[in-house]
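Structural features, examined
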Amino acid sequence: MANIKELSHNPEGLTGGHRLCAGCGASITVRQVMLAAGGTPVVTGCATGCLEVSTTIYPYTSWTGPFIHNAFENSAATVSGVEAAFKGLQRAGKIPADKQMKFVAFGGDGGTYDIGLQSLSGAMERGHDMVYVCYDNGAYMNTGIQRSSATPFGAWATTAEVGKAQQGKVQRRKDLTSIIADHGVYAAQASISHWKDLTNKAEKAFAVKGPAFINVLSPCPRGWRTLPSASVEIAKLGVQTGFWPLFEVEDGHWRQTVKVMNRKPVTEFLKPQGRFKHLFTPENAELLEAVQGEVDRYWDYIMRRCDCEA
Amino acid sequence: MAVEQKTVATTGNIMVAEAMRQSAPDVMAAYPITPQTTIVEEYAKYVAQGRVHTEYVTVESEHSAMSACIGASAAGARVMTATSSQGLAYMWEQLHIASGLRCPIVMANANRALAAPINIHCDHSDIMGARDTGWVIYFAETAQEAYDNTLMSVRVAEHPDVMLPVMTTLDGFITTHTIDRARLLSDEDAAKFVGTYTPEHALLDTDNPTSHGNFASLGGTYFEFKKAQRNAIDRSMEVIKNVGAEFAELSGRPFDVVEGWGMDDAEYVIIAIGSTAGNCRHVARELRAKGVAAGVLKIRVFRPFPFTEVAEAIKGVKAVAVLDRSESFGAEGGPVFLEVRSALYDMETRPLVINYIYGLGGADVKLELIQQVYDDLVDLADGVHESGRLVYLGAR
């Protein structure tokens, strides 16, 4: 696995000068993932969303390599097609048989957990040689912070409002990484705060012959109501509190990749975020406990699958 | 002199599959839906037998079928797929993106009714719902035309003046499943006719990286892209004709965007698309024997719509009936009627015109019904009926 010095010599997939917000987790995710591809040419597909609209404003592009955007829900299916074309053209002798290429699709949580789940599942099942990366910021941020199935329990969103009768999202988060892992493919959960862990996973994902999936915790300062300068720190708290366990599933073997000693209370992850502000009022004390309960439940579940002491 | 061809007895779907195989696509996306399925099933056999180099992608939905086609086409591959009815409707969003990204995809559509109530039989509700998505659209009357149209589609789609997706359609069950007599070009002649595809901007050309599907909603660039798309489909008319003429020479089967029968001196004309044109010709032939100046005008290319050709063909005709095998709820008439009546507007002397909605959901189109239309046309010309009426032909 490449060290930081080696990574620094690899070509950048995404240049500066794009129009994503300062502190955006998506751009950090993309840069780390693309560095891990080494020197092999990569075709990138992107779902509709902040990442796509902010990096491809015609006639400009921030992508240094070939790039395709199709629609919101189908970056997995679109990149399936690109990869299929590579195989078909190689078989026809129109592309040299020894030419190496990588294929990666990026989507946010809305385009991946919700509307894009079918197309992602289809691509994983068919076995295309591609990497799918979900940048999970826990809501539909591009359309203005609406709840998605990735939004954590208790979080405020514009379609999961806070008022007398309701305190943010009432359902728990969908566990997409486990769903994709159960397709029998390489699957991992990573965070922008743990670059070494993320780039190692991306290197593995690119090296796998067949489909691979990485779900990356990618804070959104706008939607999380946080300072742009705090993104990496908050992502780290997501890992340290156990809200976002770092693990990978390889050949059906589940493994915790970053050990968390003395898991911090989830309040440390919630406190700096404006979207959880309402949970800290005295009348919502029970709700705050319920959030901790949900984090504990998920942590225990993942640790059991990783065969670790919870 | 036409080249030597093999006469076969087979279905429209098998003929489409054969044309696709002979065109050697690099990628085919396959998803089953009746009555299209036998196309992709037949193709699966070619794949299993190792007769094609095609990467056969068994997608999980029609939406992903078209998404994968777009990815593959942008990548630089020759790409094909097939669908029908709800499948075509499910692709609707992607149909726009395929044409907007200027992907020369070739797709067969087995024309079939849309739910609800659910119905698997022929009408044109599906394809007419897709008529404004920027695709070139052919209609086939027979298995032979389904085959011929498919081969021509490849040339039209990939022509540098066009670069648009093309749909070749055939009527569900009537043309897709019934055994018909057809002539098949040799693999060599077909391959020579379609030629090879060399994309100008391919994603897989990593030495010259390109971005496809960028964000263009600021500063009016979206508007400019749409104008360019309109220009391309307008330009396709000449390409369709030229490719058609070349194909006619090769195959010995004449091709035109509109095809008339008895039109030279016709007074009463039925305009139809798809398989029904055959029934119309049969009745018109009988009427001619009785001295009635009956004619039939079949529209073979629906997008771009051949306005000039239609107007020219029906000049001097007394009364015209337009047959629509789909509804356009709340409109003045069916989709074909709206186009034809629009084509008539600029004519100095316009024939009387009447619209029939017929055969929805596979309802029988019996010869008596066609006879009734011609009877109506005579009455219309004699002033018994008024012009412009909408008639539900054969509905209880």
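Reference entry: report on the structure contained in this document. What you are looking at is a predicted structure, and each value in this text was computed from that prediction instead of being measured.

The next thing to look at is the overall build of chain B. Along the backbone of chain B there are 13 helices and 16 strands. A principal-axis box enclosing the C-alpha atoms of chain B has dimensions of 70 × 55 × 45 Å. The burial tally for chain B puts 59% of its 396 residues in the buried class. Long-range pairs, those at least 24 residues apart, make up 80% of the contacts in chain B between residues at least 6 apart in sequence. In the form shown here, chain B has an accessible surface area of approximately 15600 Å², with 51% of it arising from carbon and sulfur atoms. Between the centroid of the 33 positive side chains of chain B and the centroid of its 51 negative side chains there is a distance of 2 Å.

With that settled, consider the pattern of salt bridges. Residues and elements named next belong to chain B. Taken as a whole and judged by the stated rule, the model has 35 salt bridges over all chains. Two residues, glutamate 339 and arginine 303, come together in a salt bridge whose shortest N-O distance is 2.8 Å. Of the two residues, glutamate 339 is situated in helix H12 (residues 335-344) and arginine 303 in strand S13 (residues 301-303); the sequence distance between them amounts to 36 residues. Using a relative accessible area of 12% as the deciding quantity, one classes glutamate 339 as buried. Put simply, lysine 315 and glutamate 312 hold a salt bridge, and the shortest N to O gap is 3.3 Å. Residues lysine 315 and glutamate 312 agree in their burial class; the two are exposed. One connected set of salt bridges, linked through shared partners, spans Glu141, Glu145, Glu259, Arg281, Lys298 and Arg300.

Residues and elements named next belong to chain B. Between its terminal C-alpha atoms helix H1 (residues 12-23) stretches 16 Å, which fits the 16 Å expected from twelve residues at 1.5 Å a residue. When you tally the buried positions in H1, you get twelve out of twelve residues, the bulk of the element. For H1, the full list of buried residues reads Gly12, Asn13, Ile14, Met15, Val16, Ala17, Glu18, Ala19, Met20, Arg21, Gln22 and Ser23. Looking one or two places after H1, you find alanine 24, whose phi comes out positive at around 50°.

Time to look at the pairing of strand S4 (residues 131-136) of chain A. Residues and elements named next belong to chain A. A large share of S4 lies buried, amounting to six of its six residues. With five bridges connecting them, strand S3 (residues 102-108) and S4 associate as parallel partners. The residue bridging phenylalanine 106 from the neighbouring strand is valine 133, located in S4.

Our focus in this paragraph is the packing of H1(B) against helix H7 (residues 143-158) of chain B. Residue and element names in this part refer to chain B. Between H1 and H7, the shortest axis-to-axis distance is 8 Å and the interhelical angle comes to 25°. Put simply, H1 runs roughly parallel to H7. Our pair here, H1 against H7, has a crossing hand that is right-handed. Along its contact with H1, which presents Gly12, Met15, Val16, Ala19, Met20, Gln22 and Ser23, the element H7 presents Ala143, Ala146, Tyr147, Thr150, Leu151 and Val154. Looking at side-chain class alone, the contact of H1 with H7 contains nine nonpolar, four polar and no charged residues.

Within a sheet, adjacent strands bond to each other through the backbone by hydrogen bonds, running parallel or antiparallel. All names here are of chain B. On the basis of which strands lie adjacent, the open sheet formed by six strands has the order S10-S12-S11-S14-S15-S16 and mixed pairing. The two strands at the open ends of the sheet, each matched to only one other strand, are strand S10 (258-261) and strand S16 (390-393). The average undirected angle you get between the axes of adjacent strands in this sheet is 25°. Judged from the four bridges that link them, strand S11 (residues 268-272) and strand S14 (residues 319-324) form a sheet pairing that is parallel. Within S14, the position partnered with isoleucine 271 by the bridge is valine 322. Across the sheet, H12 lies against S11, strand S12 (294-299), S14 and strand S15 (352-358), angled at about 150° from S14, the strand it touches most.

Moving on, we get to the sheet that holds S13(B). All names here are of chain B. Spatially, seven strands are ordered S3-S2-S4-S5-S7-S6-S13 in an open sheet, and the strand pairing comes out mixed. At either margin of the open sheet sits one strand with a lone partner, and together these are strand S3 (55-57) and S13. On average, each strand axis in the sheet is inclined to that of its neighbour by 20°, with strand direction left out of account. With two bridges connecting them, strand S6 (residues 136-140) and S13 associate as antiparallel partners. Looking at the pairing, tyrosine 138 lines up with valine 301 of S13.

What follows covers the interface of chain A and chain B. Facing 41 residues of chain A, the contacting portion of chain B comprises 39 residues. Carbon and sulfur atoms supply 60% of the area buried between chain A and chain B, which totals about 3100 Å² over both sides. Counting every contact that joins chain A to chain B gives four salt bridges. Inspection of the chain A/chain B interface yields 22 residue pairs in polar contact (both at pLDDT 80 or more). For the side of chain A that touches chain B, the elements supplying multiple residues, two or more each, are helix H3 (50-55), strand S2 (67-69), helix H4 (75-91) and helix H6 (117-126) of chain A. Looking at the side of chain A that touches chain B element by element, the count peaks at eleven residues for H4(A). Classifying every residue of the side of chain A that touches chain B gives 20 nonpolar, 14 polar and seven charged. Sheet topology note: the S2(A)/strand S9 (residues 211-212) of chain B ladder contains two bridges and is parallel. Following the sheet pairing, A:Ile68 is matched in S9(B) by B:His212.

A separate point is unusual backbone geometry. Residue and element names in this part refer to chain B. A cis geometry characterises the amide bond from alanine 116 onward to proline 117, with omega recorded as -5°. Residue position: proline 117 is located in the loop between strand S5 (106-111) and helix H6 (125-129). The residue after arginine 303, namely proline 304, is reached through a cis peptide bond having omega 0°. Notably, arginine 102 is not glycine yet its phi reads approximately 60°, a positive angle. Note that arginine 102 resides in the loop between helix H5 (92-100) and S5.

Cut-offs and rules
Residues numbered from 1 in each chain as written. Chains lettered and ligands numbered in written order. Predicted model: local features only at pLDDT ≥ 70, side-chain atom pairs only at ≥ 80, totals over all residues. Heavy atoms only, no water. Helix = DSSP H or I, 4+ residues; strand = E, 2+ residues; numbered from the N terminus. Buried < 20%, exposed > 50% of the residue type's maximum accessible area, 1.4 Å probe, protein only. Contact = heavy atoms within 4.5 Å. Areas by Shrake-Rupley, 256 points an atom, 1.4 Å probe, with all protein chains shown as cover. Lys, Arg positive; Asp, Glu negative; His and termini not counted. Charge placed at Lys NZ, Arg CZ, Asp CG, Glu CD. Salt bridge = Lys/Arg side-chain N within 4 Å of Asp/Glu carboxyl O. Expected span 1.5 Å × (residues − 1). Pairing = 2+ DSSP bridges. Axes fitted to C-alpha atoms, helices over the stretch in contact; angles between N-to-C directions. Parallel < 35°, antiparallel > 145°, perpendicular 65-115°, else oblique. Left-handed = near helix turned anticlockwise from the far one by under 90°. Nonpolar A, V, L, I, M, F, W, Y, C, P; charged D, E, K, R; others polar. Buried area = accessible area lost by both parts, 1.4 Å probe. Polar contact = N/O pair within 3.5 Å; in protein donor to acceptor, adjacent residues only side chain to side chain.

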